[in-house]
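Geometric and topological summary
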Amino acid sequence: MKVVGGIIGLVLALAIILFIYKAQFTRGPAGATPPVQTIDVAGVKNQLIALGQAERLYLASHGSYASIEQLDQEGSTTISNGASRSYSYAATVDDGQHFKITASPSDPPKKGWPTLAIDDTMQVTQQ
C-alpha cells in the first residue's frame, strides 16, 4: 500500500511540475512578439544595415546609388533574387543621390509582420 501511495504521490508531483513549467516558461508576457518574429525582424534589420553600407560603398566608387540587382552584380550583397528570411527587398533610387530600401514580408504566414525600411540617413524605420 505504501508503494502505491508513493507512486501516486510521485505522479502528482510530476503533474504539478509540468503544469508550472508550461504556465511559466513556454509563454511570453501577454501581447509579446513571438520569438521567431523577433529573431527574423532583427535579422532583416541587420540585412538592411548591410545593404545601406553597400549602397554607401557603391556611391563612393560610382558616384550614385544602385539598385539591389546592381549591388548583387557587384557582389556587395548576399540577397538572392531580392529575398531573404521570407522578406522581399526593393530599392528605390532618387536621382542617384538618395535611396530607400524596403523589406516587406513575402511569406503568407508573416502577413502581419512589420515592413522595415532604410534610407540614405542609415536609419531603419518600421512601418
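The following refers to the structure shown. Computed from a predicted structure; not experimentally measured.

**Topic: the overall build of the protein chain**
The helix and strand tally for the protein chain stands at three helices and five strands. Taken over C-alpha atoms, the radius of gyration comes to 24 Å for the protein chain, far larger than the 14 Å a tight globule of 127 residues would show. Burial status across the protein chain gives 26% buried among its 127 residues. In the protein chain, once contacts between residues fewer than 6 apart in sequence are set aside, the share between residues at least 24 apart is 45%. In the structure as shown, the protein chain presents an accessible area of about 8500 Å², 59% of it carried by carbon and sulfur atoms. The positive charge centre, built from 9 side chains, and the negative charge centre, built from 10, are 25 Å apart in the protein chain.

**Quick look at the side chain of Gln47**
Turning to its location among the elements, Gln47 is positioned in helix 2 (residues 35-62). Discounting residues that sit within four places of it in the chain, Gln47 has contacts with Thr77, Thr78, Ile79 and Tyr89.

**A closer look at helix 2**
Owing to its 3.6 residues per turn, the α-helix aligns residues three or four sequence positions apart on the same side. An ideal rise of 1.5 Å per residue puts 40 Å on 28 residues; helix 2 measures up with 40 Å between its terminal C-alpha atoms. For helix 2, every residue scored as buried is listed here: Gln37, Asp40, Val41, Gly43, Val44, Gln47, Leu48, Leu51, Gly52, Ala54, Glu55 and Tyr58. Residues of helix 2 that are buried in the fold lie against helix 3 (68-74), strand 2 (87-94), strand 3 (98-105), strand 4 (116-119) and strand 5 (124-126). Of the residues trailing helix 2, Gly63 is marked for its positive phi of about 85°.

**Considerations on the pattern of salt bridges**
Opposite charge on two side chains allows them to pair when their charged atoms are near. For the coordinates displayed, the defined rule picks out one salt bridge. Residues Asp40 and Lys110 are paired through a salt bridge, measuring 2.7 Å at the closest nitrogen-oxygen approach. Of this pair, Asp40 sits in helix 2 while Lys110 sits in the loop between strand 3 and strand 4; the two residues are 70 residues apart in sequence, bridging distant segments of the chain. This pair shows no difference in class: Asp40 is buried, exactly as Lys110 is.

**Overview of the environment of Val41**
You can see Val41 is positioned in helix 2. Since its relative accessible area comes to 9%, Val41 is described here as buried. The spatial distance from the C-alpha of Val41 to the C-alpha of Ser88 is 13 Å, given a sequence separation of 47 residues. Discounting residues that sit within four places of it in the chain, Val41 has contacts with Tyr87, Pro114 and Leu116.

**What to know about the environment of Asp119**
Residue placement: Asp119 occurs in strand 4. Overall, the relative accessible area of 27% leaves Asp119 in the partly exposed class. Expressed as a C-alpha distance, the spacing of Asp119 and Leu71, which sit 48 residues apart in the sequence, is 15 Å. Here Asp119 is in contact with Phe99 and Lys100, once residues within four sequence places are set aside. Within polar-contact distance, the side chain of Asp119 engages the side chain of Thr121 at 2.4 Å.

Procedures and definitions
- Residues numbered from 1 in each chain as written.
- Predicted model: local features only at pLDDT ≥ 70, side-chain atom pairs only at ≥ 80, totals over all residues.
- Heavy atoms only, no water.
- Helix = DSSP H or I, 4+ residues; strand = E, 2+ residues; numbered from the N terminus.
- Rg over C-alpha atoms; globule rule 2.2 N^0.38 Å.
- Buried < 20%, exposed > 50% of the residue type's maximum accessible area, 1.4 Å probe, protein only.
- Contact = heavy atoms within 4.5 Å.
- Areas by Shrake-Rupley, 256 points an atom, 1.4 Å probe, with all protein chains shown as cover.
- Lys, Arg positive; Asp, Glu negative; His and termini not counted.
- Charge placed at Lys NZ, Arg CZ, Asp CG, Glu CD.
- Expected span 1.5 Å × (residues − 1).
- Salt bridge = Lys/Arg side-chain N within 4 Å of Asp/Glu carboxyl O.
- Polar contact = N/O pair within 3.5 Å; in protein donor to acceptor, adjacent residues only side chain to side chain.

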